[in-house]
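Structural characterization, general
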Amino acid sequence: MHVEDFDKNEAGGIAIIGMAGRFPGAKNTAEFWDNLRAGKECITHFTDEELLSSGVDPETLSRPNYVKSRPMLGDIELFDAAFFGFTPTEAAWMDPQHRLFLECVWETIENAGYAPDCYDGAISVYGGARISSYLLNNLHRNPKVMGPEGEVQALLLN
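Definitions and limits used
- Residues numbered from 1 in each chain as written.
- Predicted model: local features only at pLDDT ≥ 70, side-chain atom pairs only at ≥ 80, totals over all residues.
- Heavy atoms only, no water.
- pLDDT = per-residue confidence, 0-100.
- Helix = DSSP H or I, 4+ residues; strand = E, 2+ residues; numbered from the N terminus.
- Core = buried A, V, L, I, M, F, W, Y, C linked by side-chain atoms within 4.5 Å.
- Buried < 20%, exposed > 50% of the residue type's maximum accessible area, 1.4 Å probe, protein only.
- Contact = heavy atoms within 4.5 Å.
- Phe/Tyr/Trp six-rings, centres within 6.5 Å; stacked < 30°, edge-to-face > 60°.
- Salt bridge = Lys/Arg side-chain N within 4 Å of Asp/Glu carboxyl O.
- Expected span 1.5 Å × (residues − 1).
- Polar contact = N/O pair within 3.5 Å; in protein donor to acceptor, adjacent residues only side chain to side chain.

On average, the protein scores 82 in pLDDT, and the residues at 70 or more come to 77%. Averaged pLDDT values over the elements of the protein bottom out at 67 in helix H7 (residues 151–156) and peak at 95 in helix H1 (residues 29–38).

Now the structure itself:
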């Protein structure tokens, strides 16, 4: 359905004309749906050796309730900063969730078949994310980033 075909007089109506997403084991919504239909397990399970080499404390690893798996997203490192108008430094400071969100917004608009710079109407995107632990766990501890000239930029990018 294209926006032009949507009845603007219909109360409470909404048209979803594009969709994108990234999921463990799926680069897009079509792959995600295929995984769901197939009952495919998309959680990554780790060996003790992998967890130890990644920095997990041996005491933590020995706990019987420690879960040795987690959802993993692929291709996070492929963000094209210049395409989105960011410098490499800004992209490095940006929460990976933010980078993925921008990529998904672009994919959603492409999926809908619209070019934002050629479209006169309003384009809206609904998205969600969790709190930025990237800022607290990675940037906040780095004095080069959180110095006087970088603090505001780091906060804006996260």
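Bringing the nonpolar core into the picture now. Of all hydrophobic cores here, the largest spans five residues; its members are Phe 79, Ala 81, Ala 91, Met 94 and Leu 102. The contact partners of Ala 81, leaving out residues within four places of it in the chain, are Phe 86, Thr 87 and Ala 91.

This part is about unusual backbone geometry. Of note in the backbone geometry, Asp 75 takes a positive phi value of approximately 65° without being a glycine. Within the secondary structure, Asp 75 is located in the loop between strand E2 (69–71) and helix H4 (88–93).

Summed over the entire model, instances satisfying the criterion amount to six aromatic pairs. Plain terms: the ring middles of Phe 23 and Phe 32 are 4.0 Å apart, the flat faces sit at 20° to each other, and that makes the pair stacked. Accessibility expressed as a relative area gives 30% for Phe 32, which makes it partly exposed. Seen in terms of ring centroids, Phe 83 and Phe 84 are 5.0 Å apart; in terms of plane orientation they differ by 85°. Their pairing is edge-to-face. For Phe 84, a relative accessible area of 23% gives the class partly exposed. These aromatic residues form a ring-pair network of at least three members: Phe 79, Phe 83, Phe 84, Phe 86 and Trp 106.

One pass over the structure, following the stated rule, counts four salt bridges. Ionic pairing is found between Arg 37 and Asp 34, a salt bridge with its closest N-O pair at 3.9 Å. Remark: Asp 34 and Arg 37 occur in helix H1; sequence separation between them is three residues, near one turn of the helix. Here Asp 34 falls in the partly exposed class, since its relative accessible area comes to 42%. A network of salt bridges, in which partner residues are shared, links Arg 22, Glu 103 and Glu 107.

Within the element layout of this structure, Leu 139 appears in helix H6 (residues 133–139). Sequence-wise, Leu 139 and Ala 92 are 47 residues apart; in three dimensions their C-alpha atoms are separated by 9.6 Å.

Our next topic: helix H5 (residues 96–112). Here H5 spans 24 Å end to end across 17 residues, near enough to the 24 Å set by a 1.5 Å rise per residue. Buried within H5 we find Pro 96, Arg 99, Leu 100, Leu 102, Glu 103, Cys 104, Val 105, Thr 108, Ile 109 and Ala 112. With a side-chain oxygen positioned 2.8 Å from the backbone nitrogen of Gln 97, the residue opening H5 is Asp 95. One or two steps after H5, the chain reaches Gly 113, where phi turns positive at roughly 85°.

Bringing H1 into the picture now. Between the side-chain oxygen at the start of H1 and the backbone nitrogen of Ala 30 there is a gap of 3.1 Å, and the oxygen is on Asn 28. Gly 39, located one to two residues past H1, shows a positive phi value of around 65°.

What follows is about the environment of Thr 108. Within the secondary structure, Thr 108 is located in helix H5. Separated by 91 residues in the primary sequence, Thr 108 and Ile 17 place their C-alpha atoms 8.5 Å from one another. Ignoring anything within four residues of it in the chain, the contact list for Thr 108 reads Gly 18, Met 19 and Ala 20. Among the polar contacts made by the side chain of Thr 108, one reaches the main-chain amide nitrogen of Ala 20 at a distance of 3.3 Å.

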